[in-house]
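# Architecture and fold: a report
Next come the chains, spelled out residue by residue.
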Amino acid sequence: MSEKLGSTDSGEPLAIGVDIGGTAIKAAIVNTRGDLIETFHGPSPRSTAAVREFVDLALKRADHNACGIGIGCKGVIDAASSRVKSLPGDLHFLEGQLLSDVIAANGLPVCADNDARTALVAEVLWGAARGRRNVVMLTLGTGVGGAVLVDGSLLRGAGGAAGHLGHVTLDPKGELCICGNYGCLETHFSSRAIESAYWAHLHRAAPARLCVDSKGQVPDTASIFRAASEGDECARYVVDRALVHLGAALVSFLHAFDPEVFILGGNIAAAGPALIAPIQEQIARRTKILLGREVPIVFQKTVGYGGVAGAAGLVFLAQRLLAI
Ligand SMILES: [Zn+2]
């Protein structure tokens, strides 16, 4: 599925941004102002051929005007080579592959990085952290991604895994996480964690207004947040407890990275200020002594296609058409 959103000036640099996720694959033709000229959307691929076919479509539409392809992907991505070093779950077939080989780039340069990092790049170039050089971002969705910009450089670490903020330990005796650790932030505050906590309460027959539907589908995170605001006791308990953990994690990240601004992104962050208001005062109080100021906690501006735009941004940064 594609949608044409704008037109280009002739000679304007364009890049193709691609975001390979667990529920969808998206792409866009993007200019240096971060405008999405045309977007492409498909179901999450289950083979390298499906990835290649999807990117081919965007390449054809760009019609030789693109100066490169940027790819954001879940997992640990080696940005220097575009190799997918670790990727558990539905996209495991990409593990070990060079993303530049998976797509047929037609000679165009390819940049690749973790999808939370590309989302951060979009916010720094065009969004909520424009012009900032020290930024931390959490992407709150099915899982929890993270990315860190330190003095204008993306923090990648020795092996490319740095910034996986969803996998900091909040409870050493907590639940087993997808990463093999116990009690990670992701096991406390993610749509999977919130939905499974609500389901566990339903299973124990706790007082709750939502229920499992006729197809066996448990209530989703958006419904649980809504139910919490409407007085559902179980939803209120689950959301409050998840927020306490999110707040504790934010305090730790603020202490560790001392950013100018902290960005909350991803689908859950679409709840907006209602999400952060209950824990804002607590976070400010707990970080006041070390930081000496209240760090703004803001929301991702480019929800939906942020990772895609940021992936194109990687190309513009690599070719020095833009700078942080
Ligand atoms: Zn984990």
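Residues numbered from 1 in each chain as written. Predicted model: local features only at pLDDT ≥ 70, side-chain atom pairs only at ≥ 80, totals over all residues. Heavy atoms only, no water.

This brings us to the overall build of the protein chain. Looking only at helices and strands, the protein chain has eight helices and 13 strands in total. In terms of overall size, the protein chain behaves like a compact globule, its C-alpha atoms giving a radius of gyration of 20 Å where 324 residues would be expected to give roughly 20 Å. Over its C-alpha atoms, taken along the principal directions, the protein chain stretches across nearly 60 × 50 × 35 Å. Counting the 324 residues in the protein chain, one finds 49% classified as buried. Here the contacts in the protein chain between residues at least 6 apart in sequence split such that 63% fall between residues at least 24 apart. Of the accessible surface of the protein chain, which amounts to about 14,800 Å², a share of 51% is contributed by carbon and sulfur atoms. Averaging the locations of the 29 positively and 31 negatively charged side chains of the protein chain gives two centres separated by 3 Å. (Helix = DSSP H or I, 4+ residues; strand = E, 2+ residues; numbered from the N terminus. Rg over C-alpha atoms; globule rule 2.2 N^0.38 Å. Buried < 20%, exposed > 50% of the residue type's maximum accessible area, 1.4 Å probe, protein only. Contact = heavy atoms within 4.5 Å. Areas by Shrake-Rupley, 256 points an atom, 1.4 Å probe, with all protein chains shown as cover. Lys, Arg positive; Asp, Glu negative; His and termini not counted. Charge placed at Lys NZ, Arg CZ, Asp CG, Glu CD.)

Time to look at the nonpolar core. Leu 138, Leu 140, Phe 189, Leu 250, Phe 262 and Leu 264 are the most contacted members of the largest nonpolar core, which has 38 residues in total. Elements that contribute at least two residues to this core include exactly strand S9 (135–140), strand S10 (144–150), helix H4 (191–203), helix H5 (221–229), helix H6 (233–257), strand S12 (261–265) and helix H7 (273–291). If you tally residues by element for this core, the top one is H6, at 12 residues. Of all hydrophobic cores here, the second largest spans 29 residues; its members include Ile 29, Val 84, Leu 91 and Leu 99. (Core = buried A, V, L, I, M, F, W, Y, C linked by side-chain atoms within 4.5 Å.)

Before going further, it helps to examine the packing of helix H3 (residues 115–126) against helix H8 (residues 306–318). Two elements in contact, H3 and H8, have axes separated by 7 Å at closest approach and are oriented at 75°. When the axis of H3 is compared with that of H8, the two are roughly perpendicular. Residues Thr 118, Ala 119, Val 121, Ala 122, Leu 125 and Trp 126 of H3 pack against Gly 306, Gly 307, Ala 309, Gly 310, Ala 311, Gly 313, Leu 314, Phe 316 and Leu 317 of H8. Partitioned by chemical class, the residues of the contact of H3 with H8 number 10 nonpolar, five polar and no charged. (Axes fitted to C-alpha atoms, helices over the stretch in contact; angles between N-to-C directions. Parallel < 35°, antiparallel > 145°, perpendicular 65-115°, else oblique. Nonpolar A, V, L, I, M, F, W, Y, C, P; charged D, E, K, R; others polar.)

Here we come to the sheet that holds strand S4 (residues 36–43). Hydrogen bonds between backbone groups are what pair the strands of a sheet, and the pairing can be parallel or antiparallel. Pairing is mixed in the open sheet, where six strands are placed in the order S1-S4-S3-S2-S5-S8. Edge positions in the sheet fall to strand S1 (2–4) and strand S8 (110–114), since each of these pairs with one other strand and no more. The mean angle between the axes of side-by-side strands here comes to 15°, regardless of whether they run parallel or antiparallel. Relative to S4, strand S3 (residues 24–31) runs antiparallel, the two sharing seven bridges. Opposite Val 30, over in S4, you have Leu 36 as the bridge partner. Against the sheet, helix H1 (residues 48–62) makes contact with S1, strand S2 (14–20), S3, S4 and strand S5 (66–73), and its axis sits at roughly 20° relative to S3, the strand it touches most. The sheet contacts of H8 involve S2, S3, S4, S5 and S8, and relative to S2 the element is tilted by about 135°. (Pairing = 2+ DSSP bridges.)

Spatial relationships are all this shows, so hold off on functional conclusions.
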